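# Analysis of the macromolecular model
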Amino acid sequence: MTFKDKLPVSYLLFTTRGRINRLTYWVAALFIWSTFYVLYNLLNAAFTPAATFIIYPLLFWALFATAAKRLHDTNKSAWWLACLLVPVAGPLWLVWLLGFRKGTIYPNRFGTVPGAAADYYKNDTGALIPHLKTEERLINDVTQLNPVLVAQIVVPQTVEELQQMVRTATRPLSVGGGRFSMGGQTASPQSIHIDMRALNKVLAFSAEQKTITVQAGARWCDIQHYIDPHGLSIKIMQTYANFTVGGALSVNCHGRYIGLGPLILSVRSLNVLLANGDIIQVSPTEKSEIFYACVGCYNAIAIIVNVTLDLEDNIAVKRQQVKMKGHAYKPYFFENVRENKDVIFHNGDIYPPFYKNIRAVSWVRTDEKPTEKTRLMPLAAAYPLERYFMGAFSKNHFGKWRREFIIDPLLYKFKKVHYRNYEAGYDVMELEPASRRQSTYVLQEYFVPVQKFDAFLALMSEIFIRHNVNVINVSIRHAKADSGSLLAWAREEVFAFVVYYKQNTDDAEKGRVAVWTRELIDAALSLDGAYYLPYQPHATSEQFHRAYPRAKELFTLKKELDPTGKFRNVIWDTYYK
Amino acid sequence: MSIFFFKRQLSTIAAGKGLVIPKEWLVTNKNPVTPAKDVRPADQTFLTFPEWFLVFSPEEQANYFKQHTATTFPYMRHTSQIWKSYRIVNKQIKGNFPTNWGYHFMIWVIGVSTTVEYTAKSLYENIVGRLTDTGQPATAEDQFNAKYTQDYVAFIKDLPWYQFDFKSRLKDLWKNTSLSGPHFFRKWERRYMLTTELAVKFIYGKLIGIGTKQVYEVALLNTAVVLDDDSLHYLPRYDKFAAAALELAQQGHSFKEIAGNNSAILLTVWVPADHKTDFANAQTVFIQPITSYPTMKRVAIATPVSALSGVLLELKKAGVQVEHVFDF
């Protein structure tokens, strides 16, 4: 912990290192002057005017320290304060510089941008249980709802080390990366947990061919930083860039890209490590039966070691939005979005608690100048506004009404133009509540064939309303059919319904959630749809097999390639018999 | 220290709530004998007080700086005196005369500028000035300040402040004021302070000069008076008016009109701090303690134009010093 975090006020008032922004400077100045005013008068009243002199050194030091940090923010050394000695022009120039000039938007020689986080939010490296003498650790995911006690955590530094571990393992293995799945997909009780995050190198990159090969522990944000200078962008990924590539491949995630679909569609080839310790290269054309049992298959038969992905041009995109009734969305999508080559990202937001209105948001190709100064999304150390909104929306119906009719209309008033990489660079941190102890935010997702959109919207709303589910948002995505993953969630062209809701963390509430979750799964299944697996395993075995009819093929393959059941996690513990 | 909250005494004391002058003294002269070009609005006698305070205030400073440095001067009390006196005189004229927007605007401009200047000086003197203060004017720079303020006061009694030659004073400060001498820090701190003041006033004065030319006509430098024998006379305006008026009074004349007005006229006098402030044929409007000269106080009194000569003679007899007669 740095001094800055331990004693933030002392850091602000009495040290000269680092940077502060304009707002902090003004607030600090207000604090310094009002404190001086009060102390001055107290000393003057209690003692003599001369007694007030003792606070002058403090005053001058605090003024100097805050001014120095503000100058740093504009990439100037504190020596510029000497300008004060030039009558009239010096003080005026400094007032402008300190009080009004924006800081540099990138890290400079004095430090990072004030209020910016150094990196994307990361999950811990496994929690230690106090007084425990073994190597057991608790592996949890971002929701903190699914703690799993594992025997040991290992962090392989090289592929050889990983290979050796798999060969010699005497216990089951569970594999984790960013750990942003929400149902124990990265752990199994008493297994050895392999933390893949150290295997994060870029192995090959070709700007001409628009491909990149990375190790599975690399995060999407790491790739973005690597390819952004070359004017390239990731072809398919999810909205949040914190995830590791290996994790995203294992769940076969999707984003908001139009004309694309599951992540598998952008994968050229994989290197995977089998249970016997062999590493083989697989692709849609090379050992395709293994390839389709790896992407989207939750580490059933192999660990993904590295991957070659397609890239796209990093173009500027502009936000467009329109609000409509629920039944108008599908025709709107088919007429304006589906075949529109200029639409890069698209999603629809269904407004709870009545699920009647949808705001369709598209990001379209543009030649306009970006409204953001940075090419990549800057990271904030805290997201107080986002957090407040999330809290307000989840509180009651009035909060949800405020969002639909006041806050969103305001937010969408502003013109937004930025790069594709920027729009794909969200940090999960913006969703993090202050505490997940009493209640927590959880995701679920359902897929239905595109023609069944209205039917599912009706079924889903009815279930949410009947069970009084505290839904914060339902986001609609579109995906083309999967190319063949054995656990494909898009067996044909589908709409996805991403449900973000709030639940309490007690057992009664967990049971309640399980009930309506199974109802929603049945609703999706009745329309030939599916539910998504990275979340809590509330589905029954029968529901699982109805949603994923080719799971049996995968199980057969697992029996053959992983006969001892080395690779384990919640899915295999729950559904693999 | 006056910016801070322990008030030792009020800066301006009204003689009563709201309107204190008899209403019959506040009637516009419908048919003046005075030529139209020499007639000025009747409420201007009151509105010129805040304006003239900006002469009285530097005058007090010039006196104060003979014995003290600028660092301990009560700038914020003077700021308060501007606005309080403005408020009080405003209550006397409100509703009795048509509102003189141009004059009010001018008072706001000079009031705000002076408030900014005095606040900045007060803050600076309390935060930086007092660290180098010598109590008495010990440095060549503090003495320069006393001399410059004195000259400035003499100048603005007859001419607009913005015509003062700040530029040559700035040159004078750097060319003719000794750089050597004791109190090294005080010398340089004052040099910095005076350079800032003179430079800012030079620039601001130029701007105001341009602005004034655009908005206001050139002010007349004399005041037309009609005596009891219906003769028209031209007396010098502003500072020298009081002496000229007293002279006519001593010759046995009284006034029928001053600048076309026969309503109330305002004058200020200095009396000892314990004076009871009641004057025959005149109404006290407000009292201001002289902050840099605590044994005296300023009293603003109003009397009808027709009674002015009597009041002046009475004051002369009582040995009371007339500071200013506000000749509209």
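Residues numbered from 1 in each chain as written. Chains lettered and ligands numbered in written order. Predicted model: local features only at pLDDT ≥ 70, side-chain atom pairs only at ≥ 80, totals over all residues.

### As for the overall build of chain B
In terms of regular secondary structure, chain B is built from eight helices and eight strands. Counting all 328 residues of chain B, 37% fall into the buried class. Here the contacts in chain B between residues at least 6 apart in sequence split such that 82% fall between residues at least 24 apart. (Helix = DSSP H or I, 4+ residues; strand = E, 2+ residues; numbered from the N terminus. Buried ≥ 20, exposed ≤ 12 C-beta atoms within 10 Å, placed from the backbone. Contact = placed C-beta atoms within 7 Å.)

### Focus on helix α7 (residues 220-227) of chain A
Residue and element names in this part refer to chain A. Residues of α7 that are buried: Trp 220, Cys 221, Ile 223, Gln 224 and Ile 227. When α7 is viewed along its axis, its buried side chains cluster within an angular range of 155 degrees and face the same direction. Here the buried face of α7 lies against β8 (211-215), β9 (232-234), α8 (245-251), β12 (302-313) and α13 (420-423). (Arc of directions from axis to C-beta.)

### Notes on the sheet that holds strand β3 (residues 232-236) of chain B
Residue and element names in this part refer to chain B. Taken in spatial order, the three strands of this open sheet run β3-β2-β4, and their pairing is antiparallel. Sheet topology places β3 and β4 (255-258) at the edges, where each strand pairs with a single neighbour. On average, adjacent strands in this sheet sit at an angle of 30 degrees to one another, irrespective of strand direction. Pairing of strand β2 (residues 222-227) with β4 involves three bridges; the strand directions are antiparallel. (Pairing = 2+ DSSP bridges. Axes fitted to C-alpha atoms, helices over the stretch in contact; angles between N-to-C directions.)

### Structural notes on the environment of Ile54(A)
Its place among the elements puts Ile54(A) in the loop between α3 (22-46) and α4 (56-73). Counting along the chain gives 11 residues from Ile54(A) to Leu43(A), while the straight-line C-alpha distance between them is 9.3 Å.

### Topic: the UniProt feature "transmembrane region" (unreviewed entry) in chain A
Residues and elements named next belong to chain A. UniProt records the feature "transmembrane region" (unreviewed entry) for residues 23-40, 46-66 and 78-99 in the present numbering. Secondary structure content for residues 23-40 is 100% helix and 0% strand, while the C-alpha to C-alpha distance between its ends is 25 Å. Across residues 46-66 one finds 57% helix and 0% strand; the C-alpha atoms that close the span lie 29 Å apart. (UniProt positions renumbered as here; feature names shortened; annotations may be inferred.)

### A few points about the packing of helix α1 (residues 44-64) of chain B against helix α2 (residues 75-93) of chain B
Residues and elements named next belong to chain B. Interhelical geometry of α1 versus α2 gives an angle of 165 degrees and a closest axis separation of 8 Å. Here α1 lies roughly antiparallel to α2, going by the angle between them. Between α1 and α2 lies a crossing of right-handed hand. Here Phe 46, Leu 47, Phe 49, Pro 50, Phe 53 and Ser 57 of α1 lie close against α2, whose contacting residues are His 78, Gln 81, Ile 82, Ser 85, Tyr 86, Val 89, Gln 92 and Ile 93. Of the residues contributing to the contact of α1 with α2, the split by class is nine nonpolar, five polar and no charged. (Parallel < 35°, antiparallel > 145°, perpendicular 65-115°, else oblique. Left-handed = near helix turned anticlockwise from the far one by under 90°. Nonpolar A, V, L, I, M, F, W, Y, C, P; charged D, E, K, R; others polar.)

### Describing the environment of Glu372(A)
By secondary structure assignment, the location of Glu372(A) is in the loop between β15 (357-365) and α11 (384-395). Residues within four places of Glu372(A) in sequence aside, it is in contact with His418(A) and Tyr422(A).

### Considerations on the environment of Ala328(A)
If you trace the backbone, Ala328(A) turns up in the loop between β13 (316-325) and α10 (329-337). When the 14 C-beta atoms within 10 Å are taken as the criterion, Ala328(A) is described as partly exposed.

### Looking at the pairing of β13(A)
Residues and elements named next belong to chain A. Two strands pair when backbone bridges link them, and β13 and strand β16 (residues 417-419) are joined in this way by three bridges, in the antiparallel orientation. Each residue of the ladder has a partner; that of Ala 316, found in β16, is Tyr 419. As judged from the nine bridges shared by β13 and β15, these two strands associate in the antiparallel manner. When the bridges of β15 are listed, Val 322 appears paired with Ala 360.

### Quick word on α3(A)
All names here are of chain A. In this model α3 runs 36 Å from its N-terminal to its C-terminal C-alpha over 25 residues, within 8% of the 36 Å that 1.5 Å per residue would give. All of the buried residues along α3 are Tyr 25, Ala 28 and Tyr 40. In this fold, the buried residues of α3 make contact with α2 (8-14), α4 and α5 (89-99). (Expected span 1.5 Å × (residues − 1).)

### What about the sheet that holds strand β8 (residues 321-326) of chain B?
Residues and elements named next belong to chain B. The antiparallel open sheet is built from five strands, whose spatial order is β1-β6-β7-β5-β8. At either end of the open sheet lies a strand with only one pairing partner, and these are β1 (13-14) and β8. Relative to strand β7 (residues 296-304), strand β5 (residues 264-272) runs antiparallel, the two being bridged by nine bridges. Residue pairing across strands places Val 271 opposite Lys 297, the latter belonging to β7. Across the sheet, α1 touches β5, β7 and β8, and the angle it forms with β8 is around 120 degrees.

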